[in-house]
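Report on the structure
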Amino acid sequence: MSRDLTVAVDVGGTFTDLVAYSRSAKTLYRVKVRSTPQRPELGFINAFRRLFEEYGIGPGEVSLTIHVNTIGTNLFRGQLGLKPPKTALVTTLGFRDVLEIGRQNRAELYNIFYSRPPPLVPREMRYEVGERVDSKGRVLKEPSQEMLSELADALRRGGVESVAISFLNSYINPANEKLVKEFLASSINASLHTSHEVDPEHREYERTSTTVVNAVLAPVVARYITAIREMLKDIGVGAPVQIMSSAGGLVDIEEAVTRPVACIESGPAAGVIGAAELARSLGHRKVISLDMGGTTAKAGVVVDGRPAYVPELEVGGYVHMGRVVKGSGYPVRFPSVDLAEVSAGGGTIIDVDEAGSLKVGPLSAGSDPGPVCYGQGGTMPTITDANLVLNRLEHLLGGRMKLDRNLAAAAMERVAERAGMNAVECSRDSLVLANLQMARAIHIVTLERGLDPSEFVLYAFGGAGPMHAVELAAQTGVNTVVIPPYPGLFSSLGLLMTDMRYTYVKGVVKVLEEGDETVFEEMFRDLESNALSQLSGRGVDLGTSSVGRSMDIRYYGQGYEIEVEAERPLNLRKCIAMFEEKHEAAYGYRHAGEAVEVTALRVTVTVQREKAAFTKPPEAGSPSIRVRKAYFDDEWLETPVYLRDELPTGFELEGPAIVEEYDSTTVIPPEWRLTVDGTGCMVVRR
């Protein structure tokens, strides 16, 4: 029995997707099961059981499990059954209220009744310590033993489960944070998190907020990961588990448990990383990724094989027009894949508003009860029901999951009557509205970033993505659409294409002067040495590792910085030139010769892994064809229906057409042509 099977699992709002890759057989196995939103770990284990039953695979063949961690996002969305732990904040005397003071930005500028979200740590659970480190890193005052004993007693009386420790200027010199953590570790039974370990950068509000969010998440994430590991052992899987980070790399369990903020948005990142890997192999420089699942649709961009990133995000806030509104949530400073998310999934509910107009979303039917056509008790029609009414969809999971068209049509008729139209018109208009929502998401990650979507190729995946991709491309000016193999499982497949990646940061606020090149080179080397030593001590195999460097730079006096890559050995002239080039691209100007300031050094350790390979399409053959009437352009058209597994390399067809497969259905409208390339991707062009 060989242990060479890597299993990747993505728990979505409607379906839980599993893709397993055998390195020796070069074979992919795929499984899709209904999610269990109240207890996502049950859907996770059900997918493993289905894998073993369907393919005759033994649990002992699994050598690695890769998972996306959605538990953090679910906690801040108020998922039932998830309770935040009792958390305390220990901070510098006089800075107890930094969480409430925050920044001056208002989420709703013209709403005089608006109030900020309540702090994650109430005021009575925020404790002050008499300590001080100045802006140069000099320790002016250490906390006394008497003060630390009183602090420990107060934390015990408060029954805290987790403690965030964030002192002023600790990103320069963490001596006092280390002292307090060491004392509390021997005095109380609680999870301890210091800001210099979680987010060692300047700006005390963002650093404190990130540390507090980390402290809130840590016990919840630890319990979830412990639960899935125990459940895996119960079914005979003893392989290690790795987690996708928000930045798109894999991390080990220790990193996910001690620094869960690194993985808070790991779910959406997997698909973009898969798109980046595919773009490199296909030679596409500019790619829009569209992941349309059962609950939401998410858009991202990949340029020159690299996904776009944002330096921080907000959790627990509300979304407007595809973006989390600034100031409505809790800041988390950790690099994350840049995504815009809208309520446009297969389970998005179709209804009529108070004015009698049709509306799509934001509510979703999820997996329980799911769309009406599932026959699980749903009463409100969804996007899946609309596609079924228009005969663009017939079944799911390759025919294993039957859909009830009569139920869908009856539910759609009830909504249509209130909107003054019939069921077909209502279904058609619902798809138009859903596509408008997704077009907005695409415009956010392209036009708002100064990018022209017409220069991009659209990669569409997720269970529902290929059904809408071509019409969405026409709406956004995109001329080429790529449907990758296994589109409904592509996020899981993205996990199999990902390297392990760890980021280490050192906060440094310093105006650049002559001779600083040597100083910063020494800092980089120390940071690299510490990073490699930590990872080696945790048992991470560094045999295929590489180390990248970058710096955060700004003009002296500016409020925000730009990250630029740094060479080895360091060449500050090149870094400054690159910064000014990026500054001009972002803001339209540069201040050549002005003083510049470095605010952080970053080291990224990448450990390369063997990537999964797509199963190639047949070299030749004639696919079978069925014909059914489907609705396009305000009329019913005789539409040929193909099975994707039968389409050989080089096969071409013209729309209208429908291509069905196990995990998705692709819809090709009139005036578009589909070609199957040598990688198995379906390429659709005007």
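Residues numbered from 1 in each chain as written. Predicted model: local features only at pLDDT ≥ 70, side-chain atom pairs only at ≥ 80, totals over all residues. Heavy atoms only, no water.

**Structural notes on the pairing of strand β13 (residues 286–292)**
By the criterion of burial, β13 is predominantly enclosed, with 6 of the 7 residues buried. Where β13 lies against strand β14 (residues 297–303), 7 bridges are found, and the strand directions are antiparallel. Note on β14: the bridge partner recorded for I288 is V301. In sequence, β13 turns back onto β14 through a hairpin of 4 residues. Pairing analysis gives 5 bridges linking β13 to strand β27 (residues 457–461), with the strands arranged parallel. The residue bridging V287 from the neighbouring strand is V457, located in β27. (Buried < 20%, exposed > 50% of the residue type's maximum accessible area, 1.4 Å probe, protein only. Helix = DSSP H or I, 4+ residues; strand = E, 2+ residues; numbered from the N terminus. Pairing = 2+ DSSP bridges.)

**Comments concerning the pairing of strand β10 (residues 191–194)**
Regular strands place side chains that alternate from one sheet face to the opposite one. With 4 bridges joining them, strand β9 (residues 162–166) and β10 adopt parallel strand pairing. Pairing of S162 across the sheet is with S191, part of β10. Following the chain from β9 across helix α5 (residues 175–185) to the adjacent parallel β10, one finds a crossover that is right-handed. (Right-handed = clockwise from strand over helix to strand, strands pointing away.)

**A short note on the pattern of salt bridges**
A full pass over the atoms with the stated rule returns 49 salt bridges. Here D429 and R428 are joined by a salt bridge, their closest N and O atoms 2.9 Å apart. Given the relative accessible area of 23%, D429 is considered partly exposed. With a relative accessible area of 25%, R428 lands in the partly exposed category. (Salt bridge = Lys/Arg side-chain N within 4 Å of Asp/Glu carboxyl O.)

**Here we look at helix α1 (residues 40–55)**
Taking 1.5 Å of rise per residue, 16 residues should cover 22 Å, and α1 covers 23 Å from first to last C-alpha, within 8% of that figure. Inspection of α1 places P40, E41, G43, F44, I45, A47, F48, L51 and F52 among the buried residues, and these make up the whole buried set. Positive phi shows up at G56, right after α1, with a value of about 65 degrees. (Expected span 1.5 Å × (residues − 1).)

**Details of the packing of aromatic side chains**
Given two aromatic rings, their pairing is described by the distance between the two centres and the angle made by the two planes. Considering all chains together, one arrives at 7 aromatic pairs under this definition. With 5.4 Å between their ring centres and 50 degrees between their planes, F44 and F48 make a pair best called tilted. Of this pair, F44 and F48 are both found in helix α1, 4 residues apart, which corresponds to roughly one turn of the helix. Assigned by exposure class, F44 and F48 land together as buried. Taken together, a centroid distance of 5.7 Å and an interplanar angle of 65 degrees make the contact between Y642 and F651 edge-to-face. (Phe/Tyr/Trp six-rings, centres within 6.5 Å; stacked < 30°, edge-to-face > 60°.)

**What to know about the packing of helix α4 (residues 145–158) against α5**
It is at 10 Å that the axes of α4 and α5 come closest, and there the two elements cross at 55 degrees. In terms of axis orientation, α4 runs oblique to α5. Both α4 and α5 take part in a crossing whose hand is right-handed. Residues Q145, L148, S149, L151, A152 and L155 of α4 pack against L179, V180, F183 and L184 of α5. Per-class residue counts for the contact of α4 with α5 are 8 nonpolar, 2 polar and no charged. (Axes fitted to C-alpha atoms, helices over the stretch in contact; angles between N-to-C directions. Parallel < 35°, antiparallel > 145°, perpendicular 65-115°, else oblique. Left-handed = near helix turned anticlockwise from the far one by under 90°. Contact = heavy atoms within 4.5 Å. Nonpolar A, V, L, I, M, F, W, Y, C, P; charged D, E, K, R; others polar.)

**With respect to the side chain of K32**
In this structure, K32 sits in strand β3 (residues 27–34). A distance of 2.8 Å separates a polar atom in the side chain of K32 from a polar atom in the side chain of D17. At a separation of 2.8 Å, a polar atom in the side chain of K32 contacts the main-chain carbonyl oxygen of G488. Apart from residues lying up to four places away in sequence, K32 is in contact with F15, T16, D17, R50, L397, G488, L489, Y662 and D663. (Polar contact = N/O pair within 3.5 Å; in protein donor to acceptor, adjacent residues only side chain to side chain.)

**Some remarks on the packing of helix α12 (residues 423–445) against helix α13 (residues 465–476)**
At a minimum axis distance of 9 Å, the contact between α12 and α13 shows a crossing angle of 60 degrees. The orientation of α12 relative to α13 falls into the category oblique. Every pair of crossing elements has a handedness; the one defined by α12 and α13 is right-handed. From α12, L431, N435, L436, M438, A439, I442 and H443 reach across to α13, where they touch H468, E471, L472, Q475 and T476. Here the contact of α12 with α13 is built from residues that sort into 6 nonpolar, 5 polar and 1 charged.

**Things to note about the nonpolar core**
The biggest cluster of nonpolar side chains holds 182 residues, and the ones touching the most others in it are F48, L51 and M551. Among the elements that line this core, the one with the most residues is α12, at 10 residues. Leave out the neighbours within four places in its chain, and M551 touches F520, F524, I562, E563, V564, A566, L570, L572, C575, V598, A600 and L601. Listed in part, the 26 residues of the second largest apolar core include V90, V121, Y127 and L184. (Core = buried A, V, L, I, M, F, W, Y, C linked by side-chain atoms within 4.5 Å.)

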